[in-house]
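Single-letter residue listing:
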Amino acid sequence: MTEMLQYDFMQRALIAAALVGLVAPVIGVFLVQRRLALLGDGIGHVALTGVALGYLTQTSPLLVALAVSVVGAAAIELIRVRARTGGDVALALLFYGGIAGGVLLIGLAPGANSATLTGFLFGSVSSVGEEDVAVVVALAAVVLAVIGYFWRELFVLCQDEESARASGLPVRLLSLVIAVTAALTVVVSMRVVGVLMVSALMVVPVAAAQQLARSFRVTALLAMAIGLLCSLGGLTGAYYVDVAPGAAIVLLALAVFAAAVVAGYALRAATGRARVRDDGPSPGPDDAGTVGTMPQTERGSVSR
């Protein structure tokens, strides 16, 4: 570990990875709850066009990707609400248009090539510079501040959009907040895990946390802890094994999810046996007027 920290680029990469591990799951918990788990993929492809445009105009690829991603996130929300086009169709439009625009523009950009594009597609820790770290820190702070400020409203929106609208919440604005913060998260994550895998870091830690927690807040906190562990652990493993960091981070997250599924099943089974012992045997045909006391819960639903 100390050997790895001797290199400046690894120090910068670890800072970026830690922030990615914290930020991606905290927005991912809202995307998963709203069944928009693939939104990060769609925005990631649009961000790729922004990166290529940044190289073409010889400006900052990350900052241009940020602007293009925010516009793309707003566009998908507008398409989803106004044009009566399903969310999956809007995402498909972003997928195809974003990847095609990125490939086309990167071929026209002076000094850029397919290797440049590959670094953003799959992540490249060696290319994380001081300017990149500064952008990542600033964007991560904005995402966490926005989520913290709108936490209660976003929770209500994700549980039931109609109830949120009936209670007077600005549903359209809050939906746009989720989309824009997802765009910021994609830009935060693209240097470490790459645009093709950023959605996995938004979704997989949340899915793992849902196996172990029932409260929405606990799920979010646990997902952030899992994301941080997987980002730092995957990056460290990638350094010593010499593999792609994005792939190592995502595969570690999938391994944690598999372990969480087993642990969650064992925990629920143990809890069920304990309740049976406490409540007594299930009522038989002669036990008229009695009912079992074990509560029935629906998987996937969470409480605040």
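Since this is a predicted model, take the numbers as computed values, not measurements. (Residues numbered from 1 in each chain as written. Predicted model: local features only at pLDDT ≥ 70, side-chain atom pairs only at ≥ 80, totals over all residues. Heavy atoms only, no water.)

### Quick notes on the environment of Phe155
Reasoning step 1: Here Phe155 is to be found in helix α7 (residues 151–159).
Reasoning step 2: Residue class for Phe155 comes out buried when judged on its relative accessible area of 10%. (Helix = DSSP H or I, 4+ residues; strand = E, 2+ residues; numbered from the N terminus. Buried < 20%, exposed > 50% of the residue type's maximum accessible area, 1.4 Å probe, protein only.)

### So, the confidence of the model for the protein chain
Reasoning step 1: Averaged over all residues, the pLDDT of the protein chain is 81; the fraction at 70 or higher stands at 85%.
Reasoning step 2: Long-range and interchain partners of residues 284–303, a stretch whose pLDDT sits below 50, account for 26 contacts in this model, where long-range means more than four residues apart. (pLDDT = per-residue confidence, 0-100. Contact = heavy atoms within 4.5 Å.)

### Details of unusual backbone geometry
Reasoning step 1: Positioned with a positive phi, Gln58 is a non-glycine residue whose angle comes to about 55°.
Reasoning step 2: The residue Gln58 is located in the loop between α2 (39–56) and α3 (61–82) in this model.
Reasoning step 3: Even without being glycine, Asp242 reaches a positive phi, approximately 65°.
Reasoning step 4: Mapping Asp242 onto the fold places it in the loop between α11 (216–241) and α12 (245–279).

### Comments concerning helix α1 (residues 8–33)
Reasoning step 1: The end-to-end C-alpha distance of α1 is 38 Å, a good match for the 38 Å that 26 residues give at a rise of 1.5 Å each.
Reasoning step 2: Of all 26 residues in α1, 19 are buried, a share of seventy percent or more.
Reasoning step 3: One or two residues past the end of α1 sits Arg35, with phi positive at roughly 60°. (Expected span 1.5 Å × (residues − 1).)

### Digging into the pattern of salt bridges
Reasoning step 1: Counted by the stated rule, this structure contains three salt bridges.
Reasoning step 2: The partner of Arg34 in a salt bridge is Glu161, with the nearest N and O atoms 2.6 Å apart. Pair noted here: Arg34 is in the loop between α1 and α2 and Glu161 is in helix α8 (residues 161–166), with a separation of 127 residues, a long-range link.
Reasoning step 3: Exposure remark for Arg34: the relative accessible area of 15% places this residue in the buried category.
Reasoning step 4: Residue Glu161 pairs with Arg165 through a salt bridge whose shortest N-O separation is 3.3 Å. You can see Glu161 and its partner Arg165 sitting in helix α8, four residues apart, about one turn around the helix.
Reasoning step 5: Exposure remark for Arg165: the relative accessible area of 42% places this residue in the partly exposed category.
Reasoning step 6: Look at the salt bridges and you will find they share partners, linking Arg34, Glu161, Glu162 and Arg165 into a network. (Salt bridge = Lys/Arg side-chain N within 4 Å of Asp/Glu carboxyl O.)

### Digging into the UniProt feature "transmembrane region" (unreviewed entry) in the protein chain
Reasoning step 1: Mapped onto the present numbering, the UniProt feature "transmembrane region" (unreviewed entry) falls at residues 12–31, 62–79, 91–113, 133–151, 171–188, 194–213, 220–241 and 247–267.
Reasoning step 2: Within residues 171–188, the helical portion is 100% and the strand portion 0%, while the C-alpha atoms at the span's ends are 26 Å from each other. (UniProt positions renumbered as here; feature names shortened; annotations may be inferred.)

### Here we look at a nonpolar patch on the surface
Reasoning step 1: Residues Tyr240, Val241 and Val243 make up a contiguous nonpolar surface patch of about 290 Å² in total accessible area.
Reasoning step 2: Locating Tyr240 in the fold gives a position in helix α11.
Reasoning step 3: Exposure remark for Tyr240: the relative accessible area of 42% places this residue in the partly exposed category. (Patch = residues over 30% accessible without salt bridge, like charges linked within 9 Å, V, L, I, M, F, W, Y side chains within 5 Å. Areas by Shrake-Rupley, 256 points an atom, 1.4 Å probe, with all protein chains shown as cover.)

### A look at the packing of aromatic side chains
Reasoning step 1: Taken as a whole, this structure holds six aromatic pairs when the rule is applied.
Reasoning step 2: Ring centres of Phe155 and Phe216 lie 5.1 Å apart, and the angle between their planes is 70°; on these two criteria the pair is classed as edge-to-face. Of this pair, Phe155 sits in helix α7 while Phe216 sits in helix α11, and the two are 61 residues apart along the sequence. In terms of burial, Phe155 and Phe216 fall into one category: buried.
Reasoning step 3: Between the aromatic rings of Tyr239 and Tyr240, the centroid separation amounts to 4.9 Å while the plane-to-plane angle is 85°, which identifies the pairing as edge-to-face.
Reasoning step 4: The partly exposed category is assigned to Tyr239, whose relative accessible area is 22%.
Reasoning step 5: Cluster of aromatic residues (ring-pair linked, three or more members): Phe30, Trp151, Phe155 and Phe216. (Phe/Tyr/Trp six-rings, centres within 6.5 Å; stacked < 30°, edge-to-face > 60°.)

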